[in-house]
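These are the residues of each chain, in order.
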Amino acid sequence: MGMDDAWLLPAVPAAAFAALLLFGKYLPRKGDWLAIGAIAASFALFIPVLADLLDEVGREGFAGVVSGTDWVEFDTFNLRLGFMVDQLAIVMLAVVTFVSTLIEIYSVGYMKGDPRYGWFFTAMTLFVTAMITLVLADNLLLLYVAWEGVGFCSYLLIGFWHERRSAAEAAKKAFITTRIGDVGLLIGIILLWREAGTFSIREIIEFAQDGGYSAEYLTTAVLFVFAGAVGKSAQFPLHVWLPDAMEGPTPVSALIHAATMVVAGVYLVARMMPLFVVADPVALDVVTAIGLTTVMLSATMAIVATDIKRVVAYSTMNSLGLMMVALGAHSVTAALFYLFVHGFFKALLFMGAGSVIHGTERQEVWELGGLARKMPLTALAFAVGTLAMIGIFPFSGFWAKDEIVNVAADELAWIVVAFLVFSIFLTAVYMTRLYLLVFTGRPRDDHAHEHAHEAPPVMSLPVLVLAALAVIAGFWAFDQVGRALGFPGGIGEFVFLDEAQEFAFPVVAAISSSLAAVGGMAFAYALWFGEAEQARQLGERFRPLYKLWKNRYYFDDAYQWAINNLVLVGGNVIAWFDRNVVNDTGVDGSAGLAVFSGFQMKFSQTGRLPNYALAIVMGVIILAIVFLAVRV
Amino acid sequence: MTYEEGIFYVVAGMTVIGALGVVVARNVVHSALFLILALVAVAGLFLLLSAEFLAIVQVLIYGGAVTILILFAMMLTRVRDVPQALDGPQRPFAAMAAAAFLSVTILAVVGTDWEALGATEKINVIPIEALGDVLFRNWAVPFELASLVLIVALIGAIVLARGEEGE
Amino acid sequence: MIPIQHFLVLSSILFSLGIYGVLARRSAVLILMSVELMLQAVSINFIAFAVYLAPEEFTGLIFAIFVITVAAAEVGLALAIVLRIYRNKATANVDEVDIMKW
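Cut-offs applied
Residues numbered from 1 in each chain as written. Chains lettered and ligands numbered in written order. Predicted model: local features only at pLDDT ≥ 70, side-chain atom pairs only at ≥ 80, totals over all residues. Heavy atoms only, no water. Helix = DSSP H or I, 4+ residues; strand = E, 2+ residues; numbered from the N terminus. Buried < 20%, exposed > 50% of the residue type's maximum accessible area, 1.4 Å probe, protein only. Contact = heavy atoms within 4.5 Å. Areas by Shrake-Rupley, 256 points an atom, 1.4 Å probe, with all protein chains shown as cover. Core = buried A, V, L, I, M, F, W, Y, C linked by side-chain atoms within 4.5 Å. pLDDT = per-residue confidence, 0-100. Pairing = 2+ DSSP bridges. Buried area = accessible area lost by both parts, 1.4 Å probe. Salt bridge = Lys/Arg side-chain N within 4 Å of Asp/Glu carboxyl O. Polar contact = N/O pair within 3.5 Å; in protein donor to acceptor, adjacent residues only side chain to side chain. Nonpolar A, V, L, I, M, F, W, Y, C, P; charged D, E, K, R; others polar. Phe/Tyr/Trp six-rings, centres within 6.5 Å; stacked < 30°, edge-to-face > 60°. Axes fitted to C-alpha atoms, helices over the stretch in contact; angles between N-to-C directions. Parallel < 35°, antiparallel > 145°, perpendicular 65-115°, else oblique. Left-handed = near helix turned anticlockwise from the far one by under 90°. Expected span 1.5 Å × (residues − 1).

Colleague: Tell me what's going on with the overall build of chain B, and back it up with residues and numbers.
Modeller: On a plain count of helices and strands, chain B comes out with 6 helices and 0 strands. Starting at the N terminus, the α and β elements of chain B follow one another as α-α-α-α-α-α. Looking at chain B residue by residue over its 167 residues, the buried ones come to 38%. For chain B, the share of sequence-separated contacts (at least 6 apart) that also reach a separation of at least 24 residues comes to 55%. When the accessible area of chain B is evaluated, it comes to approximately 9400 Å², of which 73% is carbon and sulfur surface.

If you want it as structure tokens, here you go:
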């Protein structure tokens, strides 16, 4: 069992998915044990792969191990079922397999009693299959297939309670919005393939580094690829689907819309980073700008959001934007480090929110409050997640966020750094606000408060494991910790673009970001602790700003307007053309012509045998003449 | 003109007369009698072609069984000998079509270089033993299938002609 | 010393007369008789080709035998059908049976 056998990782959940789909109904407990077992097996198989990689990683010029088989081969078109294991994939795999295992266990409690309990686990298994394939794919075609696979599972699971109209709408919205980016990704893949003649990621990168693409061509191609990442990772301007995606069950939000699928965009850009480096600098500037815009939009919108899951969703967008900024500074290390710890603390936050929803059946923060006494474990876990998200020393988020600020300070303009620090302040504000409103103060809805109860152990255990990881995962930044675990050093010496990155800890950056975080917490405490009277006054004073944020910068309205006035109007024109020209004239017209001429011509059929016989003889004679003429 | 050719023209003339009689006779029974003439003459042609076995089969099956069958059918369907009703309205077209076909085939026969295709000058005698040998050795399966066809046709004819119960 | 063309022309005449009979006659029985003439023409062709062109193979003769066999079956079946039609329609004239149409 080594890196060559990496195909087993997606194969095990795939087999489980097939079994669940076919026989799930007849299995005891609807097969949840099979789903959890398959994903846990995937995680167990991941460990020897990791060990094998750690043996190999020190070798000179190690750049991952490729295995797999060619499926269909045409001239330059090679359909390949190929898997590549390298440091980048390993970090993603660690998050995907481990967090999925925990969340599946958590779901046993959360989804208990749901009429489609079995289907939930089936779809989750399919998702894990697709996600692992996406991470391991060694060629862009397989990556694209898996990419669409996770998008499809996301659609299924957002619309899991499709009896609710809002859930069905949200699923549709997520699918269509990400599809816009996916088309861009497909165009990008085709552009890259057209010149290089291969889909293999490694060969494309070598081709680009040898100067095979012209600068403009490559820039265009990578920007199209980035469009896919924008859609999947909910970056501006395709971010609108992620808050709505919270209509799905909370474990889905935790796994798909926080820890794994949405970071696929970040992973894709990190994978393709050598291409971005070779391309025109404009490409990376675009990544930075989009990432920073997303950070600022989401941080401000989160301050006024009132749905507990939506706030966490905005914080996810915030984090994704930060990762994009790190990639804009072409630091794969910083982005992947943040991705790694984010997987833990964001899943933790969502599962904490899930426990609250499970315990109270309320989602609006104005109907919650004072839950810390009723749900101490959840409150503790949520507090850990909040502090990690804000980036308070020594929680994991602190190290990861610092890393991003560091690389931004080194590589990007000072204005970007300033915005980043400001976003840390905003993050502290809205995360503290959420915690205060939900867990402290006076209960606002007595019924919900009385009803509230701590989550069952099957739910709280995974939460506590994640809480522990949210505290300690950040210490991987240190070389000593990395070496103790068997890595060559800290994450900087494990995942890097060109050369290993030393652990750096500029005090200025740490202090300024910590100050921003603490300042934000204090600000939020002043505004929202207790009756939140000050916050209300502030909202009244800055009414326009409040409304702007509350209405999510009117993006959804603008898109709706565009759909109504451009897409649907254009669609009506095309529909008219289709109905009248294509259908009535083209299809029905030719059919009508056939009917009419058939009706007219049927009278030439006399029904008398001698006439038919005469026609046959005539035909034979004509054929004979033709034959003779042709032969001579 | 050799005596062989003389015999050929006599037999060929009988065949054509018989055939002509079949298609133009004003009386159906005459038609049937002309048919017998034509069939027997064709058997003569077979003899001339040194196919004695086929000539015997021809006389037995056609001259005997088939004509008898046709006469029975005439009797049962009571085709009355009303002269003007025997030919259909498309007779002129039928004549034209037949003439066109005849000219095309004769053109083809005349226009073909038979020597080049390996035709010999004389009729090659085929021994009946050799024919039987080939028929039951190389063509045994088609031969048996032909028997099957006959059986099926027999049963089919009975089923069709018998009619339904109570009819 | 009869050339092959003699037999082929004769079979052409026989076949053309058969065509004429099939097309011109009204009675189904007469049409069947004409069909027999056409089959005879085909048999003559087969045998002539066999003895002139490929005397060492007997394929033409064998085919003539099969033609006769199938013709016997055909006559039997066709006359049964004619009887049937006659019983249903009280006629054996093919131009009075014109239900094979719209």
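Colleague: Break down the overall build of chain A for me, with residues and values.
Modeller: Regarding its fold elements, chain A presents 26 helices and 2 strands. When burial is assessed residue by residue, chain A has 55% of its 632 residues classed as buried. Surface accessibility of chain A: about 25800 Å² in total, with carbon and sulfur atoms responsible for 67%.

Colleague: Give a detailed account of the nonpolar core, specifying residues and quantitative values.
Modeller: If you look at the biggest cluster of nonpolar residues, it comprises 218 residues, and the most contacted ones within it are Phe-276, Phe-494 and Trp-528 of chain A. Ignoring anything within four residues of it in the chain, the contact list for Trp-528 of chain A reads Ile-303, Trp-366, Val-429, Arg-433, Leu-436, Leu-437 and Ala-535 of chain A. In this structure, Leu-614 of chain A, Ala-38 of chain B together with Ile-68 and Leu-79 of chain C belong to the second largest nonpolar core, which totals 88 residues.

Colleague: Can you break down the environment of Gly-359 of chain A residue by residue, with the values?
Modeller: Residue and element names in this part refer to chain A. Positionally, Gly-359 belongs in helix H15 (residues 332–360). Here Gly-359 falls in the buried class, since its relative accessible area comes to 0%. Residues Gly-359 and Met-375 lie 16 residues apart in sequence; the distance between their C-alpha atoms is 8.5 Å. Not counting chain neighbours up to four residues away, the residues in contact with Gly-359 comprise His-451, Ala-452 and His-453.

Colleague: If you had to explain the confidence of the model for chain B to someone new, which residues and values would you point to?
Modeller: Residue and element names in this part refer to chain B. Here chain B averages 85 in pLDDT, while 92% of its residues score no lower than 70. Mean pLDDT values over the elements of chain B span from 86, in helix H3 (residues 52–77), up to 91, in helix H1 (residues 3–24). Scoring of the predicted complex yields 0.69 for pTM and 0.89 for ipTM.

Colleague: Help me get a handle on unusual backbone geometry, residues and values and all.
Modeller: All names here are of chain A. A cis amide bond links Phe-236 to the next residue, Pro-237, at an omega of 5°. Summarising the element assignment, Pro-237 is placed in the loop between helix H8 (215–232) and helix H9 (241–244). Even without being a glycine, Arg-29 presents a positive backbone phi close to 55°. Relative to the elements of secondary structure, Arg-29 occurs in the loop between helix H1 (8–23) and helix H2 (32–56). On the accessibility criterion, Arg-29 (53% relative accessible area) is exposed. Even without glycine at this site, Glu-361 takes up a positive phi of about 60°.

Colleague: Go over the pairing of strand E2 (residues 78–85) of chain A, please, and point to the residues and values.
Modeller: Residues and elements named next belong to chain A. Inspection of the sheet shows strand E1 (residues 65–73) paired to E2 by 8 bridges, in the antiparallel sense. Bridge pairing in E2 links Asp-70 to Arg-80. Counting the residues between successive antiparallel strands, the hairpin from E1 to E2 contains 4 residues.

Colleague: Before we move on, can you summarise the interface of chain C and chain A with the specific residues and values?
Modeller: Listed as interface residues are 11 residues of chain C and, on the opposing side, 12 residues of chain A. Interface area for chain C against chain A, summed over the two sides, is near 1000 Å², with a carbon-plus-sulfur share of 73%. Applying the counting rule to chain C against chain A returns 0 salt bridges. In this structure, the connection of chain C to chain A is made through 0 residue pairs in polar contact (both at pLDDT 80 or more). Here the residues of the side of chain C that touches chain A sort into 8 nonpolar, no polar and 3 charged.

Colleague: Which residues make up the interface of chain C and chain B, and what are the values?
Modeller: Taken together, the contacts link 66 residues of chain C with 88 residues of chain B. Interface of chain C and chain B: buried area, both sides summed, is about 7100 Å²; carbon and sulfur atoms make up 78% of it. At the boundary of chain C with chain B, the tally comes to 0 salt bridges. In this structure, the connection of chain C to chain B is made through 10 residue pairs in polar contact (both at pLDDT 80 or more).

Colleague: Describe the packing of aromatic side chains, and please don't skip the residues or the numbers.
Modeller: Here the distance between the centres and the angle between the planes together describe a pair of aromatic rings. Per the counting criterion, the structure on display carries 38 aromatic pairs over all chains. Aromatic pair Phe-236 of chain A and Phe-555 of chain A: ring centres 5.6 Å apart, planes at 65°, arrangement edge-to-face. Taken as a pair, Phe-236 of chain A in the loop between H8 and H9 and Phe-555 of chain A in helix H25 (residues 555–601) lie far apart in primary sequence, 319 residues in all. On the accessibility criterion, Phe-236 of chain A (24% relative accessible area) is partly exposed. Between Trp-139 of chain B and Phe-63 of chain C, the aromatic rings sit 6.0 Å apart at their centres with planes inclined by 80°, giving edge-to-face as the arrangement. In this pair, Trp-139 of chain B sits in the loop between helix H5 (128–137) and helix H6 (140–162) while Phe-63 of chain C sits in helix H3 (residues 59–89), so the two residues belong to two different chains. We classify Phe-63 of chain C as partly exposed; its relative accessible area is 35%. In textbook terms, an aromatic cluster arises when at least three aromatic residues are bridged by ring pairs, as seen for Phe-43, Phe-46, Phe-98, Phe-340, Phe-344 and Trp-476 of chain A.

Colleague: Which residues make up the packing of helix H3 (residues 87–110) of chain A against helix H20 (residues 457–472) of chain A, and what are the values?
Modeller: All names here are of chain A. In the contact formed by H3 and H20, the axes pass within 7 Å of each other and the chain directions differ by 150°. With respect to H20, the element H3 is oriented roughly antiparallel. At the point where H3 passes H20, the crossing takes the left-handed sense. Of H20, the residues touching H3 (which contributes Phe-98, Leu-102, Ile-105, Tyr-106, Val-108, Gly-109 and Tyr-110) are Val-458, Met-459, Pro-462, Val-463, Val-465, Leu-466 and Leu-469.

Colleague: Got a sec to walk through the environment of Ile-621 of chain A? Specific residues and values, please.
Modeller: Positionally, Ile-621 of chain A belongs in helix H26 (residues 609–631). For Ile-621 of chain A, a relative accessible area of 6% translates into the label buried. Contacts of Ile-621 of chain A, omitting those with residues within four sequence positions, involve Ala-97, Ala-100, Phe-101 and Val-104 of chain B.

Colleague: How would you sum up the side chain of Ser-253 of chain A? Please name residues and give values.
Modeller: Residues and elements named next belong to chain A. With respect to the element layout, Ser-253 can be found in helix H10 (residues 250–259). Residue Ser-253 is classed as buried on the basis of its relative accessible area, which comes to 0%. Engagement of the side chain of Ser-253 in a polar contact is seen with the side chain of Lys-309, the distance being 3.2 Å.

Colleague: Give me the packing of H1 of chain B against helix H1 (residues 4–24) of chain C: which residues, what numbers.
Modeller: Their axes nearest at 9 Å, the elements H1 of chain B and H1 of chain C cross at an angle of 5°. Here H1 of chain C runs roughly parallel to H1 of chain B, going by the angle between their axes. Every residue of H1 of chain C that contacts H1 of chain B at Glu-5, Phe-8, Tyr-9, Ala-12, Thr-15, Val-16, Ala-19, Leu-20, Val-23 and Val-24 of chain B is listed here: His-6, Phe-7, Leu-10, Ile-13, Leu-14, Leu-17, Tyr-20 and Gly-21 of chain C. In the contact of H1 of chain B with H1 of chain C, the residues fall into 14 nonpolar, 3 polar and 1 charged.

Colleague: Can you break down H1 of chain C residue by residue, with the values?
Modeller: The end-to-end C-alpha distance of H1 of chain C is 30 Å, a good match for the 30 Å that 21 residues give at a rise of 1.5 Å each. H1 of chain C sits mainly inside the fold: 16 of its 21 residues count as buried.

Colleague: How would you summarise the pattern of salt bridges if you had to cite specific residues and measurements?
Modeller: One pass over the full model with this rule turns up 17 salt bridges over all chains. Residue Arg-80 of chain A pairs with Asp-70 of chain A through a salt bridge whose shortest N-O separation is 3.2 Å. Highlighted residues: Arg-80 of chain A in strand E2 and Asp-70 of chain A in strand E1, separated in sequence by 10 residues. Judged by its relative accessible area of 36%, Asp-70 of chain A is partly exposed. Between Asp-133 of chain B and Arg-137 of chain B there is a salt bridge; the shortest N-O distance is 3.1 Å. Of this pair, Asp-133 of chain B and Arg-137 of chain B both sit in helix H5, 4 residues apart, which is roughly one turn of the helix. Taking the relative accessible area as the measure of exposure, Arg-137 of chain B reaches 59% and is therefore exposed. One network of salt bridges, with partners in common, ties together Lys-173, Asp-244, Arg-310, Arg-552 and Asp-556 of chain A.

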